[in-house]
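For reference, the chains in residue letters:
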Amino acid sequence: MVSIASYTSGSATTSHINKNLKAQESSLGRIASGKQINKASDNASGLAIATQLLSDVSTLKQASTNLVQSNAVLQTADGALEQAGNILGRMKELATQANSGSLDANSRGAINQEYQSLASELNGLASSTSFNGTKLVDGSYNQDFQTGKAATDTLNVDLSSVNVSVSGLGLTPANGANANALSTPASAQATSTELDTAIDNISSARAQVGSLLSRGAVKSDVVDTEINSTIEAESSISDADIGREQTELSNSKLLTESSLAVASQANKMKASLLKLVR
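Note that the structure is predicted; figures quoted are calculated from it, not measured. (Residues numbered from 1 in each chain as written. Predicted model: local features only at pLDDT ≥ 70, side-chain atom pairs only at ≥ 80, totals over all residues. Heavy atoms only, no water.)

Caption draft 1: Structural view of unusual backbone geometry. Even without being glycine, N132 reaches a positive phi, approximately 55°. Mapped onto the elements of the fold, N132 is located in the loop between β1 (130–131) and β2 (134–135). (Helix = DSSP H or I, 4+ residues; strand = E, 2+ residues; numbered from the N terminus.)

Caption draft 2: View of the pairing of strand β4 (residues 154–158). Here β4 shows a buried face lined by L155 and V157 and an unburied face lined by T154, N156 and D158. As paired elements, strand β3 (residues 142–146) and β4 share five bridges and run antiparallel to each other. Directly across from N142, in β4, lies its bridge partner D158. (Buried < 20%, exposed > 50% of the residue type's maximum accessible area, 1.4 Å probe, protein only. Pairing = 2+ DSSP bridges.)

Caption draft 3: Broad picture of helix α3 (residues 105–128). Look at α3: 34 Å from first C-alpha to last across 24 residues, which is about the 34 Å you get at 1.5 Å a residue. Within α3, burial applies to R108, I111, N112, Y115, L118, A119, L122, L125 and A126. Two to three positions downstream of the cap, the backbone nitrogen of N106 sits 3.3 Å from a side-chain oxygen, assigning the N-cap of α3 to D104. (Expected span 1.5 Å × (residues − 1). Polar contact = N/O pair within 3.5 Å; in protein donor to acceptor, adjacent residues only side chain to side chain.)

Caption draft 4: The arrangement of the environment of N106 in detail. You can see N106 is positioned in helix α3. Expressed as a C-alpha distance, the spacing of N106 and S183, which sit 77 residues apart in the sequence, is 9.6 Å.

Caption draft 5: Seen up close, the environment of V137. Looking at the secondary structure, you find V137 in the loop between β2 and β3. By relative accessible area, V137 is classed as buried at 0%. Separated by 59 residues in the primary sequence, V137 and D78 place their C-alpha atoms 9.2 Å from one another. V137 has contacts with A77, A80, L125, A126, T129, V162, N163 and V164, leaving out every residue within four places of it along the chain. (Contact = heavy atoms within 4.5 Å.)

Caption draft 6: Layout of the packing of helix α2 (residues 44–98) against α3. Packing of α2 against α3 brings their axes to within 10 Å, and their N-to-C directions diverge by 165°. In terms of axis orientation, α2 runs roughly antiparallel to α3. The chirality of how α2 crosses α3 is left-handed. Within the contact between the two elements, α2 uses A80, Q83, A84, I87, L88, R90, M91, L94, Q97 and A98 and α3 uses R108, I111, E114, Y115, L118, A119, E121, L122 and L125. Each residue belonging to the contact of α2 with α3 can be placed in one class, and the counts come to 13 nonpolar, two polar and four charged. (Axes fitted to C-alpha atoms, helices over the stretch in contact; angles between N-to-C directions. Parallel < 35°, antiparallel > 145°, perpendicular 65-115°, else oblique. Left-handed = near helix turned anticlockwise from the far one by under 90°. Nonpolar A, V, L, I, M, F, W, Y, C, P; charged D, E, K, R; others polar.)

Caption draft 7: Seen up close, the nonpolar core. Judged by nonpolar contacts, the single largest core of 45 residues is most densely connected at M91, L159 and L182. Of all the secondary structure elements, the ones that give two or more residues to this core are α2, α3, β4 and α4 (185–238). Per-element tally for this core: the top contributor is α2, with 14 residues. In this structure, M91 is in contact with Y115, L118, A119, L122, L171 and L195, ignoring residues within four places of it in sequence. (Core = buried A, V, L, I, M, F, W, Y, C linked by side-chain atoms within 4.5 Å.)

Caption draft 8: Structural detail: the pattern of salt bridges. Under the definition given, this model contains six salt bridges. Residue K92 is joined to D196 by a salt bridge in which the shortest nitrogen-to-oxygen separation is 3.0 Å. Of the two residues, K92 sits in helix α2 while D196 sits in helix α4, which places them 104 residues apart along the sequence. Residue class for D196 comes out partly exposed when judged on its relative accessible area of 35%. (Salt bridge = Lys/Arg side-chain N within 4 Å of Asp/Glu carboxyl O.)

Caption draft 9: Local environment of the side chain of D56. Position of D56 relative to the elements: it lies in helix α2. Despite being buried, D56 has no salt bridge partner; K149 is the closest side chain of opposite charge, sitting 4.2 Å away. Discounting chain neighbours no more than four positions away, the residues touching D56 are K149 and T230. (Lys, Arg positive; Asp, Glu negative; His and termini not counted.)

Caption draft 10: The arrangement of the environment of N201 in detail. Along the polypeptide, N201 turns up in helix α4. Sequence spacing of N201 and G168 is 33 residues, and the spatial spacing of their C-alpha atoms is 9.2 Å.

Spelled out as structure tokens, the structure:
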């Protein structure tokens, strides 16, 4: 039945036009922002997941920074250990030189004086080597670095067994840490034995630091990979597919133009029906 009072073609056409205009606005918004989620109503669950992923990315980036800092701490400690090893090498050379029957008292005194200066350097190295105000090689450093999303995912840098002071390396007041350590052949022999132990201690400490550096490097690679994977996951949820949005925008424009053309024809049809009742 043809009815003028309840003519529905125009209303249906108007509904399609509004629908297509909204689709255009949505596509334009996504293209302009580069995001497919611009408000919570676009994808509530997707927005919640994307927000968590962004938080994870921020946490992981800071974890990566923490690993860089832990590497700097360990490199600083290793540099001090290398220097301590060089000092001990010279001290061992002096102890060997002092253990010679060809020396007189003055020569032994000069050798012992250099030895004592080097011992002071070891103590100074222990007290002055620090990172951001925290001493590293005096046996007091033991800190954690968060290296993942969880607070419990940490790298423990425990250098509490690393002490490059004279006493920390095992040189005793009776021999290696004595003011007259190289004054006699007998004391030079005893000191030389203690220096062997001290050199072994430095070697063990450097091995420990090297192991921690290796662990940090592995963790750093893992974190960097996780950052990239998390960014990709967040992007797949939040970022707009510009190519698809351009296609949908073109389709919406075409449908809008078609709907407008249909609306024009519907208005002409309604006018024709009105002429029949005049």
